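What follows is each chain in one-letter form.
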Amino acid sequence: VSLDGVELRVLHLPLVSPFTTSFGTETVREVIVARALTPDGDGWGEIVTMPAPLYSSEYTQGAWDVAQRWLIPALLERGTLAPEEAATVLEPFIGHRMVKAGLELAVLDASLRSEGRPLGEYLGAVRDRIPSGVSVGIQRDPAALVDAVGGYLDEGYVRIKIKIKPGRDVADTAAVRDAFGAIPLQVDANSAYTLADVDTLAELDRFDLLLIEQPLQEDDLVDHAALARHLRTPVCLDESVTSRKAAADALALAAASVINIKAGRVGGYLEAVRIHDLCRDAGVPVWCGGMLETGIGRAANAALAALEGFTLPGDVSASSRFYTRDIVTDPIVVEDGHVRVPTGPGLGIEIDRVALDDVTVERVELRR
Ligand code: OSB
Ligand code: MG
């Protein structure tokens, strides 16, 4: 595509209920959307940074700065580029993978829309709908957690993930198992433990969890391998897997037997596909993670999760799981426990301009 400019917006979307993880509580989703401006039409992408560098080193204002100061100028200087070239142009700049992913997605959407080609088909989707799991934040107490989980089961979600942290792990998991029996259940620690917690984490073995996600810190691959040897529960990595190379290293070290793939975390949907291919060839199951996406990222995640190797339900839930009003005209819905893979050109969504303007708190446009 011929890239004439890029518009960036910071959005503040109110959450339907607070979302608490081991690293903090959000009541509003602050997120950046990118719009690629081309003579053939716009393309949309989402930069999934959080306001503070607590999940990973990236955060909204850092993303806002690096996008305008370095990444967008490099893309604009190139002028005409294929979506497959965006990552190469951005490669000299270290890190900032969520920003790269959002910009690449905007270019990719513009390009696919101009060809009338759906993202799912381009990525290699083999399914027209995907099973939908839900990520449930830490609640006031285990009873409140059981209430929350019950509500999501009633809505049809086929897999439950609960967030855990030290002091809110074994009892919370036990409460959900006791209340709902043998439902597909997994836990996510968001790096809240160390190897010294091995005995507590081994207590989770009795709950027959699908997996435990990211118990230790991002760069603790060797410790994850040591922990995995002490657990019956499969260890899944999220934060640690920042690239195809990091995924290959984790598998070589036996630090994980399952991988959560998030396009933002790994620098884009194309790198996400490469991790998928690596894991599929190695017989390692993967699933699609989430970052409380708007309808933009949610549509892209549904397309990604439709690839062959995504054999576990992911965190691709309905827009209504987080938002009363999405910024797309047809929010993502869960029907019969599944999300449909969009079939329209590009992301297959239309932006609701009024809704978008209503949640925009900052806007900038860079032109070639
Ligand atoms: O660790 O998977 C995570 C949200 C923000 C940051 C990290 C994570 C999450 C989630 C929510 O678990 C997933 C979603 O439903 O979007
Ligand atoms: Mg996670």
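Because the structure is a prediction, the values reported are computed rather than measured. (Residues numbered from 1 in each chain as written. Chains lettered and ligands numbered in written order. Predicted model: local features only at pLDDT ≥ 70, side-chain atom pairs only at ≥ 80, totals over all residues.)

1. Considering the overall build of the chain
Helices and strands together make up the secondary structure of the chain, namely 13 helices and 13 strands. For the chain, whose C-alpha radius of gyration is 20 Å, the value lies close to the compact-globule estimate of 21 Å for 368 residues. In terms of principal-axis extent, the alpha carbons of the chain reach across some 60 × 40 × 35 Å. Relative to its full complement of 368 residues, the chain shows a buried share of 52%. Expressed as a percentage of contacts within the chain between residues at least 6 apart in sequence, the contacts between residues at least 24 apart total 73%. (Helix = DSSP H or I, 4+ residues; strand = E, 2+ residues; numbered from the N terminus. Rg over C-alpha atoms; globule rule 2.2 N^0.38 Å. Buried ≥ 20, exposed ≤ 12 C-beta atoms within 10 Å, placed from the backbone. Contact = placed C-beta atoms within 7 Å.)

2. Remarks on helix H5 (residues 142–154)
The first and last C-alpha atoms of H5 sit 18 Å apart over 13 residues, in line with the 18 Å expected at 1.5 Å per residue. All of the buried residues in H5 are Leu 145, Ala 148, Val 149 and Tyr 152. Seen from one end, H5 has its buried residues packed into an arc of 95 degrees, which puts them on one side. H5 presents Ala 143, Asp 147, Gly 151 and Asp 154 as exposed residues on the side facing more than 90 degrees away from its buried surface. The first or second residue beyond H5 is Gly 156, which carries a positive phi of 105 degrees. (Expected span 1.5 Å × (residues − 1). Arc of directions from axis to C-beta.)

3. A word on the UniProt feature "domain: Mandelate racemase/muconate lactonizing enzyme C-terminal" (unreviewed entry) in the chain
UniProt's entry tags residues 142–234 with the feature "domain: Mandelate racemase/muconate lactonizing enzyme C-terminal" (unreviewed entry), counted in the numbering of this structure. Along residues 142–234 the backbone is 43% helical and 12% strand, and the end-to-end C-alpha distance reaches 24 Å. (UniProt positions renumbered as here; feature names shortened; annotations may be inferred.)

4. Points about the site of ligand 1
Close to ligand 1 lie Tyr 55, Ser 135, Asp 188, Asn 190, Asp 238, Gly 289, Gly 290, Met 291, Leu 292, Asp 315 and Ser 317. In terms of residue class, the shell around ligand 1 is built from three nonpolar, five polar and three charged. (Near = placed C-beta within 6 Å. Nonpolar A, V, L, I, M, F, W, Y, C, P; charged D, E, K, R; others polar.)

5. As for the pairing of strand E3 (residues 41–47)
Each regular strand carries side chains that alternate between the two faces of the sheet. Taking burial as the measure, the seven residues of E3 include five buried ones, the bulk of the element. Across seven bridges, the pairing between strand E2 (residues 24–38) and E3 is antiparallel. Note on E3: the bridge partner recorded for Ile 32 is Ile 47. Between E2 and E3, which pair antiparallel in sequence order, lie two residues. (Pairing = 2+ DSSP bridges.)

6. Examining helix H1 (residues 60–78)
Between the first and last C-alpha of H1 there are 25 Å, a value that for 19 residues agrees with the 27 Å anticipated at 1.5 Å per step. The largest bend along H1 reaches roughly 50 degrees and is located at Ala 67. Within the span of H1, buried status applies to Ala 63, Ala 67, Leu 71, Ile 72 and Leu 75. On its buried face, H1 is in contact with strand E1 (5–21), E2, E3, helix H2 (83–90), helix H3 (97–115) and strand E13 (360–367). Among the residues trailing H1, Gly 79 stands out with phi positive, at a value near 80 degrees. (Bend = angle between axes of the 7 residues up to and from the residue.)

7. Side note on the environment of Leu 81
Counting through the fold element by element, Leu 81 comes out in the loop between H1 and H2. According to the C-beta neighbour criterion, Leu 81 is partly exposed, with 17 such atoms within 10 Å. Residues Leu 81 and Val 1, 80 residues apart in the sequence, show an inter-C-alpha distance of 5.5 Å. Sequence-distant contacts of Leu 81, that is, excluding residues within four places in its chain, are made with Val 1, Leu 3, Leu 75, Ala 86, Val 89 and Val 107.

8. Quick look at the pairing of E2
Bridging between E1 and E2 involves 13 bridges; their strand directions are antiparallel. Looking at E2, one finds that Val 6 is bridged to Ala 36. The hairpin formed by E1 and E2 contains two residues between the paired strands.

9. Quick look at the sheet that holds E3
Strand order across the open sheet formed by four strands is E3-E2-E1-E13, with antiparallel pairing between neighbours. Each having just a single partner strand, E3 and E13 make up the two edges of the open sheet. Direction aside, neighbouring strands of the sheet carry axes that sit 25 degrees apart on average. (Axes fitted to C-alpha atoms, helices over the stretch in contact; angles between N-to-C directions.)

10. Focus on unusual backbone geometry
If you check the backbone angles, Gln 214 has positive phi at about 40 degrees while not being a glycine. Residue classification places Gln 214 among the buried residues on the basis of 27 C-beta atoms within 10 Å. In this structure, Leu 292 is a non-glycine residue whose phi angle is positive, near 50 degrees. Within the secondary structure, Leu 292 is located in the loop between strand E11 (286–288) and helix H12 (295–304). Overall, Leu 292 belongs to the buried group, with 21 C-beta atoms counted inside 10 Å.

11. Details of the packing of helix H9 (residues 244–252) against helix H11 (residues 269–282)
Two elements in contact, H9 and H11, have axes separated by 9 Å at closest approach and are oriented at 25 degrees. By the angle between their axes, H9 is roughly parallel relative to H11. At the point where H9 passes H11, the crossing takes the right-handed sense. Residues Arg 244, Ala 247, Ala 248 and Leu 251 of H9 form the contact with H11, whose participating residues are Glu 271, Arg 274, Ile 275, Leu 278, Cys 279 and Ala 282. Each residue belonging to the contact of H9 with H11 can be placed in one class, and the counts come to seven nonpolar, no polar and three charged. (Parallel < 35°, antiparallel > 145°, perpendicular 65-115°, else oblique. Left-handed = near helix turned anticlockwise from the far one by under 90°.)

12. Some remarks on the nonpolar core
Counting residues in each nonpolar core, the largest one holds 114 residues, and the members touching the most others are Leu 103, Ile 259, Ala 300, Ala 302, Ala 303 and Leu 304. If you count residues domain by domain, this core takes at least three from each of domain 1 (5–116 + 349–367) and domain 2 (121–340). Excluding residues that lie within four positions of it along the chain, Ile 259 makes contacts with Cys 236, Leu 237, Val 241, Ala 247, Ile 275, Cys 279, Val 284 and Val 286. (Core = buried A, V, L, I, M, F, W, Y, C linked by C-beta atoms within 7 Å. Domains from an automatic or database assignment.)

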